[in-house]
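In case you want the letters, here they are:
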Amino acid sequence: MEPTEILMNEHRLIEKALDALEAWVAKLGPANDLNDKAELARFVQFIRGFADDYHHGKEEDILFVAMVEHGFPREAGPIAAMLHEHDLGRKLVGILDGLAQQAAPWVDDDRTALGRTAREFASLLRQHIQKEDQVLYPMARARLPAPVQEEIAVRFQVFEEQQVSNGAAPRLRALGASLIAAHAGA
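Residue numbers restart at each chain and count upward from 1, following the sequence in its written direction. Residue-level local features of this predicted model are given only where pLDDT is at least 70; pairs of side-chain atoms are given and counted only at 80 or more, and the full residue set underlies all totals for whole chains, interfaces and linings. Side-chain figures throughout are based on the complete set of non-hydrogen atoms in the structure, without hydrogens or water.

Another point: the environment of Phe-50. Helix and strand labels come from DSSP, where a helix needs a run of H or I of at least four residues and a strand needs a run of E of at least two; each type is numbered from the N terminus. Here Phe-50 is to be found in helix α2 (residues 34-69). Each C-alpha atom of the pair Phe-50 and Ile-14 lies 8.2 Å from the other, and the pair is 36 residues apart in sequence.

Given below as structure tokens:
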């Protein structure tokens, strides 16, 4: 499988998790429930672990590096835009994590901030995914020589083997599946 296909498959899991996050936020009631903070912490764990460390890690440390080495600018254009959006997403997830870790019970303003931030993050990431799937990845496939794409595939495989051997990949995929099963269509 081509590296960009692998990344696009990961996007489908991330999109389903975003659907689950938005469904979960939509059904939150006004009552303060410690389970709400724990569930938000699970979403944050999935987003940081799978979407950021695992998925964005492959993009930033392998694909984008290869693209820059083969003439794509890092400080302007699509790579710069994607990196900027990764950073914006991290900031929004930081807000969600702050709410999950908050010692005091949530008040109405906290629940409002949670809903607003979750929706903003989901919207940002969906648009980001669309840009990668429809613009950046096709550019990479068209402009990177076949041997470079093969080297990226090898590096992705090594990365995947490390993530499987340390248990991160199976644990994160299971967490994503659990969140989706619990909240999709809620």
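Still more ground to cover, so stick around.
With that settled, consider the nonpolar core. The tendency in soluble globular proteins is for nonpolar side chains to be buried as a group. Leu-40, Leu-63 and Met-67 are the most contacted members of the largest nonpolar core, which has 53 residues in total. Counting residues per element, the ones that place at least two in this core are α1 (3-27), α2, α3 (77-101), α4 (108-143), α5 (146-165) and α6 (168-183). Considering each element in turn, this core owes the most residues, 13 residues, to α2. Two residues form a contact once any of their heavy atoms are found within 4.5 Å. Not counting chain neighbours up to four residues away, the residues in contact with Met-67 comprise Phe-72, Ile-79, Leu-136, Ala-140 and Leu-144. We define a nonpolar core as any set of buried Ala, Val, Leu, Ile, Met, Phe, Trp, Tyr and Cys residues linked to one another through side-chain atoms lying within 4.5 Å. Buried means the residue's accessible area, taken with a 1.4 Å probe over protein chains only, is under 20% of the maximum for its type, while exposed means over 50%, and partly exposed covers the values in between.

Further remarks concern the packing of aromatic side chains. Whether two aromatic rings pair depends on their centres lying within 6.5 Å, for rings of Phe, Tyr and Trp, where Trp uses its six-membered ring; planes under 30 degrees apart make the pair stacked, over 60 edge-to-face, and the rest tilted. Scanning all chains against the criterion turns up four aromatic pairs. Seen in terms of ring centroids, Trp-24 and Phe-43 are 5.7 Å apart; in terms of plane orientation they differ by 40°. Their pairing is tilted. Note that Trp-24 is positioned in helix α1 and Phe-43 in helix α2, a separation of 19 residues in sequence. For Trp-24, a relative accessible area of 4% translates into the label buried. Seen in terms of ring centroids, Phe-46 and Phe-50 are 5.3 Å apart; in terms of plane orientation they differ by 10°. Their pairing is stacked. With Phe-46 and Phe-50 both in helix α2 and four residues apart, this pair spans about one turn of that helix. A relative accessible area of 1% means that Phe-46 is categorised as buried. On the accessibility criterion, Phe-50 (0% relative accessible area) is buried. Ring-pair connections join several aromatic residues into one group, and the members of that group are Phe-46, Phe-50, Tyr-54 and Phe-159. Charge-over-ring placement is defined geometrically: NZ (Lys) or CZ (Arg) within 6 Å of the ring centre, and within 35 degrees of the ring normal. Just above the ring of Phe-156 sits the side chain of Lys-58; from NZ or CZ to the centre is 5.5 Å. Taking the ring centre of Phe-72 as reference, the NZ or CZ of Arg-143 above it sits at 4.0 Å.

Two quantities define a packed helix pair, namely the angle between the helix axes and the distance between the axes. Axes here mean lines fitted to C-alpha atoms, for a helix over just the part in contact, with angles spanning 0 to 180 degrees between N-to-C directions. Packing of α3 against α4 leaves a shortest axis separation of 9 Å and a crossing angle of 160°. In terms of orientation, α3 lies roughly antiparallel with respect to α4. Considering only the axes of α3 and α4, their crossing is left-handed. Looking at the contact of α3 with α4 residue by residue, the class counts come to 16 nonpolar, four polar and five charged. Working rule for angles: under 35 degrees goes down as roughly parallel, over 145 as roughly antiparallel, 65 to 115 as roughly perpendicular, anything else as oblique. Left-handed describes a crossing whose near helix is turned anticlockwise from the far helix through less than a right angle; right-handed describes the clockwise counterpart. Residue classes follow a fixed rule: Ala, Val, Leu, Ile, Met, Phe, Trp, Tyr, Cys and Pro count as nonpolar, while Asp, Glu, Lys and Arg count as charged, and any other residue, Gly among them, counts as polar.

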